[in-house]
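Structure assessment
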Amino acid sequence: MSTEDTQNDEPKHPYETEDSFHPLGEEWEDRMREELEDTEYDADLGMEMARDAQRLVAGEISEEEFYAEYHDDVAEEFEADDRPLFDDVNPANHEEIEDGSVLDSLAEMDLQGEETSRREMMKKMGAGAAFLGYGAYATYDFQPADGAPDNVSGIRPAPKDEREHRWGMVIDLQRCDGCLACVAGCINENGTSTGANWMYVFTYEDEDSEQENFLVRPCQHCSNAPCAKVCPVRARHTRGKDGLVLTDYETCIGCRYCQVACPYGVNYFQWGEPDVEVSRLEHLDMRPEEVRQLEGGDYDDRDSERYQALSDANDHVYDYRGRWTDSRPPQGTMGKCTMCPSRQDGHTDNPKGTVACMDACDAQGMSAIHFGDLDDPESRANRYLERRTEVEDTVLEKWEGVEDEDLDIETTASPTSEISTFRLLEDLGTQPNIVYLGNEPGPETEQTEPPTPYEVYSGSGNKWGVEVVDERKEHLDYGPSGPPEQEGEEGGE
Amino acid sequence: MIPALLNAALGVVPLATKLDPWEVMPPGIWLIFGVIGLPVYIAFLGWFLGKPRQLKTSALGVTLFLTLVTALWGGLFATTLVIRAMFFG
Amino acid sequence: MATSPGEPEDIIRPILNTSKKYYIAFGVAAAIALLWSAVYGWQLEEGLIVTNLADWGSGGGSPWGLYIGAFIWWVGIAHGGIILSAAVRLFGMERYQPVARMAELLTLGALSMAGLYILVHMGRPDRLVLSVVPAYPWTVRTSPLAWDVTVITLYFVMTATYLGLTIRYDVYHLRDRLPNYLGPFYSLVTLGYSEIEEEVIERMVWWLALGIIVLAPLLLHGGVIPWLFSLVPSMPGWDGAVQGPQFLTIALTSAIAGVIILSYICRWAYDWEHIFSDAMFRGLTNWLGLFGLLFLWLQLQQVINGVYAEPIAGETAMVARITQPYYIFAIGTVIVILAYIFAQAVDQRQFSLARSVVASVLMLVATLTEKVLFVFEGLLYPHFSLYEAVPGHYFPSLVEFSSLAGTVALCTIFFLVILKLFPVVELHAVEDHHDDHEPAHDEEVSS
Ligand code: SF4
Ligand code: SF4
Ligand code: SF4
């Protein structure tokens, strides 16, 4: 039974070991309150703000309301409230996880003339928040204070201290010119069938600008993935160790529930025979159950028998657990962007920490995609994000003629930064791990013809010689015999 | 004073976001075993505790129930094996 | 009551006699079922590419369609059993006793077809048991599909247990008139029978009926099935707690329609005018009207909520739905049917059996249309509105349509077999009237 030997789901489950969804004991809460009261500022106000901050997270009040409510109070209490309007809290400030972007921005007030430093102030606000259990809000992506939710039976990444990585991407939409190199790169890597564009690039126009915009859309590898929650067989699951959301092609029953539940439309079912036969994929030539039977190691255990076998074969089909989760799915199962797990498990010739779409984008000279461990401040993704927002800050500061020391601005993002970052449909609570730099598509956007058509990469345009199309439906409607001459047996439409 | 007390009190009450129901107990657990199970538990309790009662007949009912579950899933299993042998071999 | 009661002979006639009609029906149903199994074989061979389903999103299609719609529809029809047994057993509405067992059998038949659709819908049906069962301790926590499978299993097993217990009485008392070649089957069914158990069984099936009436409508069709849709964050067209009641009313409507059609066919085939009386059909027609009205009422709730002040995504989905010709067809049909039912309720002369049967058939077409539409229309208008530019479309392929014929045929075969095994009308239903009404009619009782 293939689901029995999974290693990603640590033997313990939160319901078995559950002791603290709320890590703050009563004693601790009291201490926080005391600490707040110790300051010269109004403890009640701090608490109240913190509580409302929670309501803000829960969506009960809007940011505007939050500010309207507290602007006066805060101004009075601190004799100034120069907080900028909070339209741009940079969500990817990793060093600040404990303090969090919101508190960060709350504490961003001008405290000149007060001895209390911004940091100290923040701590106090933070204490108020923590007191009421607002750790959740204090983290950049609304996860509990440890950075990501607990691993609920393979549907979420393990808590921060138990996982090795949290893979994700920073995608700079302002650098994208719609060349679709990433799309082709992914097809070359994974051998996906016609129209199954795991990496997809939208070209769209906003209602009142003629400007062409791009949205680069891989799977978001959500930390709270609806697709993994709904799967009736746990084929779609989150690898606890690194947060990758994968499909076990050996257990998937092809019910397509994950596809229906995913709000981003990133899933591509294998409706018929795959275009690229399994024999053409780079892989360890063994049955999946044999691969699993090899003596395997823990994550990153490079001495194990399985790791050796996989790396000897430069395998691009199995992951470190010996599960068939990489490359295109077999017939009747679900596929989607995998974030190249065989690379992340280090048994391919490509370095760990890279993905094929990023390589292709880099090769094209665009460098819009930056893959990396979002937990690690030194990862390519985070460093890029940092640099990008830093540049913007410097410009802004110059304009305002404010000295750096005065503001004590952290080198990372500040709420005054002008480059906007966003995550797609963040309010659905999926906690996506793709951070976008650039403009978020609004509700009035309209998809337009891409400057580079998908078909350009058809045939000799990719490694497998498969056809590449934008919209898959038409292609599928030809039925199993494929598009040539023989028109679809089934009267589509 | 009063507002301060109130605030303190509110802080102790678990508010919406503080409590992640998924972490405490995912919905399926109480839904299936607590709610959806109820009609079944009730029927069985009725059999064994209701009057008139005859242990033999209740046991017959339980046997029938269990046989049917087994037959249903056993039959399904056989069907899937046939499908596997014929089409996915 | 104007009806003449039936005789025990009447209800075992289908077992003893086999008419030409029976052979024809069996032949036709078997042919259709075989044909469809060949089509299904082709689907297994080639994959689901033979359907017109496709990926939503950049793919521009709908990954769920007729198969899921028909699955819900069959589960809806299955509810006939529980409505009728509730009416008879819990509320003592004796008038419906003759059809109660048939409705319960319909539950088993229809649920089997629903289960079959789960299989047919899948890309890898061969893994259904091997993948689902070992993962169950985990998936039960989070997956609405796992819940669904659980509740359908319970529903099926409880109904089958119920039937298994109630036919003991009939088979025991009619045993000497039943054919001998089925002897082993009857012995098995009546295993350990004793007259004193009758009262106990009566009580046990009462408890079962109570359990099923909570489980099936409220937790299955007003619960886990709508939750399959309303719990996912992706499609605004599926949002909302109204889905539960909405699904349920449609299910009950289909269920009554199914019972009317089924009992009409049996009445016609076995000359059971005196058992399945006009009065009973009139009553069922009124039930059909009541549920149909609730169906429309909940549609109205959704439409108003959708078009008036929904967030933009919901509004788009709703406007798309109400301008869909098939939706207009479905709702229009229900309205016309309701007009007839209202007319016959006010003026009895408007009632005719044929009209009620036609109304029922149309009702089933309308509910099936609505269900399929609900499934794929929802998928065409996601929250992630950028995809709206990718023109999603879906119309079931012949392969998918053929599954409808196939499952109806299989369900027919199921009934044709049952008719040969044990009485589809409870012995109680013909016995109860026996004392106060001597058989005056000269119905030919087959020898
Ligand atoms: S983007 Fe969709 S498929 Fe990817 S993890 Fe999130 S919900 Fe799952
Ligand atoms: S299609 Fe496969 S991965 Fe997706 S929900 Fe169904 S079984 Fe799970
Ligand atoms: S991360 Fe890997 S699987 Fe995902 S789009 Fe890029 S190349 Fe494809």
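Scroll up a little and you will see the structure.
**Description of the overall build of chain C**
Assigned secondary structure in chain C consists of 15 helices and zero strands. Computed over C-alpha atoms, the radius of gyration of chain C comes to 23 Å, within 12% of the 22 Å expected from 2.2 N^0.38 for 447 residues, which places it in the range of a compact globule. Counting only residues that meet the buried cut, chain C has 63% of its 447 residues in that class. The long-range fraction of contacts in chain C, counting pairs at least 24 apart against all pairs at least 6 apart in sequence, stands at 82%. Total accessible area computed for chain C in this model is approximately 15,700 Å², and 68% of it derives from carbon and sulfur atoms. Here chain C holds 20 positive side-chain charges and 37 negative ones, and the gap between their average locations is 2 Å.

**Things to note about the site of ligand 3**
Residue and element names in this part refer to chain A. Surveying the vicinity of ligand 3 reveals the residues M169, C186, N190, W198, M199, C337, T338, M339, C340, V355, A356 and C357. Secondary structure elements with two or more residues in the shell around ligand 3: helix 8 (181-190) and helix 14 (356-363). Residue classes in the shell around ligand 3 are distributed as ten nonpolar, two polar and no charged.

**Focus: the sheet that holds strand 1 (residues 167-172) of chain A**
All names here are of chain A. A sheet is described by the order of its strands in space; here four strands give the open sequence 8-1-10-9, paired in mixed fashion. Every other strand in the sheet has two partners, leaving strand 8 (369-373) and strand 9 (421-422) as the edge strands with one partner each. As judged from the five bridges shared by strand 1 and strand 8, these two strands associate in the antiparallel manner. Within strand 8, the position partnered with I171 by the bridge is I369. Sheet contacts for helix 14: strand 1 and strand 8; angle to strand 8, the most-contacted strand, approximately 140°.

**Here we look at the interface of chain A and chain C**
The partner chain C presents 62 residues to the 65 residues of chain A that form the contact. For the chain A and chain C pair, buried surface summed over both sides reaches about 5,300 Å², with 60% attributable to carbon and sulfur atoms. Scanning the region where chain A abuts chain C turns up one salt bridge. Taking the shortest distance from any N to any O, the salt bridge between D55(C) and R472(A) comes out at 2.4 Å. Across the chain A-chain C interface, the total number found is 27 residue pairs in polar contact (both at pLDDT 80 or more). For the side of chain A that touches chain C, the secondary structure elements donating two or more residues are helix 1 (14-17), strand 2 (200-205), strand 3 (212-217), helix 9 (226-230), helix 10 (257-261), strand 6 (268-269) and helix 17 (472-477) of chain A.

**Points about the packing of helix 3 (residues 27-49) of chain B against helix 4 (residues 55-87) of chain B**
Residues and elements named next belong to chain B. In contact at an axis separation of 9 Å, helix 3 and helix 4 are set at 155° when each is read in the N-to-C sense. The angle between helix 3 and helix 4 places the two elements in the roughly antiparallel class. Counted together, V40, F44, W47 and F48 of helix 3 and L55, S58, A59, G61, V62 and F65 of helix 4 form the full contact between these two elements.

Criteria and thresholds
- Residues numbered from 1 in each chain as written.
- Chains lettered and ligands numbered in written order.
- Predicted model: local features only at pLDDT ≥ 70, side-chain atom pairs only at ≥ 80, totals over all residues.
- Heavy atoms only, no water.
- Helix = DSSP H or I, 4+ residues; strand = E, 2+ residues; numbered from the N terminus.
- Rg over C-alpha atoms; globule rule 2.2 N^0.38 Å.
- Buried < 20%, exposed > 50% of the residue type's maximum accessible area, 1.4 Å probe, protein only.
- Contact = heavy atoms within 4.5 Å.
- Areas by Shrake-Rupley, 256 points an atom, 1.4 Å probe, with all protein chains shown as cover.
- Lys, Arg positive; Asp, Glu negative; His and termini not counted.
- Charge placed at Lys NZ, Arg CZ, Asp CG, Glu CD.
- Near = heavy atom within 4 Å.
- Nonpolar A, V, L, I, M, F, W, Y, C, P; charged D, E, K, R; others polar.
- Pairing = 2+ DSSP bridges.
- Axes fitted to C-alpha atoms, helices over the stretch in contact; angles between N-to-C directions.
- Buried area = accessible area lost by both parts, 1.4 Å probe.
- Salt bridge = Lys/Arg side-chain N within 4 Å of Asp/Glu carboxyl O.
- Polar contact = N/O pair within 3.5 Å; in protein donor to acceptor, adjacent residues only side chain to side chain.
- Parallel < 35°, antiparallel > 145°, perpendicular 65-115°, else oblique.

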